[in-house]
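Here are the chains, one letter per residue:
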Amino acid sequence: MFDFKNRDFDILLLGLVLIVAGIGVVAVYNSSSIYSLETYNNSMRFLKFHVIYLLVGITAMVTLMHVKPSFVRKLVYPGYLLGLALLVVVLLPEIGKEVGGGRRWISVWGFSFQPSEFCKYMLVIYMAHFLFKKEDKMDSFWIGIFSPLLAGGAYVGLILAGPDLGTSFLVLAILFIMLFVGGAKLRYLLSIGIGSAGLLVLAIINEGYRMERIMSFLDPWKDPLGSGYQAVQSFMAFGLGGIYGSGLGNSSQKLLFLPQAHTDFIFSIIGEEFGFIGVITLIVLFLMILARCVRISVRAEDSFSKYMVFGFTALITLQAALNMGVAVGLFPTTGLTLPLVSYGGSSLVSTLAAFGIILSVSRFSAKER
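Residues numbered from 1 in each chain as written. Predicted model: local features only at pLDDT ≥ 70, side-chain atom pairs only at ≥ 80, totals over all residues. Heavy atoms only, no water.

A. Here's a closer look at helix 10 (residues 229-241). Taking 1.5 Å of rise per residue, the 13 residues of helix 10 would be expected to cover 18 Å, and the 18 Å separating its terminal C-alpha atoms lies within 8% of that figure. If you check which residues of helix 10 are buried, you get Val232, Gln233, Ser234, Ala237, Phe238 and Gly241. Buried residues along helix 10 sit against helix 11 (266-299) and helix 12 (303-327). In the segment just after helix 10, Gly242 is the residue with positive phi, at about 60°. (Helix = DSSP H or I, 4+ residues; strand = E, 2+ residues; numbered from the N terminus. Expected span 1.5 Å × (residues − 1). Buried < 20%, exposed > 50% of the residue type's maximum accessible area, 1.4 Å probe, protein only. Contact = heavy atoms within 4.5 Å.)

B. How the structure looks around the sheet that holds strand 2 (residues 102-108). An order of 1-2-3 is seen for the three strands of this open sheet, with the pairing classed as antiparallel. Of all the strands in the sheet, just strand 1 (96-99) and strand 3 (111-113) have a single pairing partner and so form its edges. Geometrically, the sheet is characterised by an average inter-axis angle of 45° between neighbouring strands, direction not taken into account. Summarising the sheet, strand 2 and strand 3 pair through three bridges and their orientation is antiparallel. Of the residues in strand 3, the one forming a bridge with Val108 is Phe111. (Pairing = 2+ DSSP bridges. Axes fitted to C-alpha atoms, helices over the stretch in contact; angles between N-to-C directions.)

C. Just empty space enclosed by the protein, in detail. Applying the stated rule across the entire model yields two cavities of 30 Å³ or more. Roughly 80 Å³ of volume is contained in the largest cavity. Contributing to the lining of the largest cavity are Leu87, Val90, Leu91, Arg103, Arg104, Gln114, Pro115, Ser116, Leu158, Ile159, Gly162 and Asp164. Elements with a minimum of two residues in the lining of the largest cavity: strand 2, helix 5 (115-133) and helix 6 (141-160). Here the lining of the largest cavity is built from residues that sort into six nonpolar, three polar and three charged. Counted as a void, the second largest cavity has a volume near 60 Å³. (1 Å grid on protein atoms, 1.4 Å probe; cavity = no way out; pocket = protein on both sides within 12 Å on 5 of 7 lines; lining within 4 Å. Points joined across faces, edges and corners; volume = space filled by probe spheres on them. Nonpolar A, V, L, I, M, F, W, Y, C, P; charged D, E, K, R; others polar.)

D. Structural context of unusual backbone geometry. With a phi angle near 60°, Asn41 is a residue other than glycine that sits in the positive phi range. Within the secondary structure layout, Asn41 lies in the loop between helix 1 (11-40) and helix 2 (45-65).

See below:
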């Protein structure tokens, strides 16, 4: 299960992950201190919890760095079933914690965690195992499309029941991306994709608040004090930041003007305080992480590791792109955090754990070479 002797992991990737996580610590305190002081009479509250989550995540990452990928593959089915159970349990009123109209949290010993944040990585591991086992049968509709979408659709449906449209869309997108890379027929994927898009439209139309988000996305200035408020305030943050930014700690939008400044819109506060230069720097760091992860995926010693690292990379990168896109008005509000940066223990711990597995693959692949 463990190998503590081989230390030939991708140290550059580890350094990049820790740098972005360090930026997150500063950004969380900067963006949450005023809100935390007003709400809890303690400006350090969110920072303290974030540091605790970060330490737990780093511990998980370092531990998983030493776990052999072959052992991870042995946990595929228990992990899939555990994820399924968690997504069912969180919907139960007796167990699931309702926040903002959604039942997405489970509270244990005073700490709350969001099962979907961990389950999406469990599903990637399951899909990697499936593609590894069925590599020569992926051109079949029933094996290459129907079977994996049935297994993945159970996760998507339960997450959507939360309701959590943003995460369910993200998981569905990763399913299609992994199936495409795994060799599924493009015509099948397009047909199912069109059908899924239709169901997504229905999910939006049937919920008034989702339609409101779409309309405010198309024209946030139509209701700048109502449905378009977050988007308008986010635009103002970037505008105030300009090229060089207003300086560390000098954001005006964090003074209770921009809601969810420490979670969904933390990128906007970074844009205001560090300007265009800070924004580009963070994007470049994510692109460097992407490049290192793709390199590890290509060099992995077996197909399971290749698909798993690719799935993790696609998931983290797409989530980061969606979060940043929402902040600058390219996408409607999704409720997705910025990986490694935003406040959110479940997201931070699960993302660092995923990087631990990626680093494990880099170590054992390097050992084989």
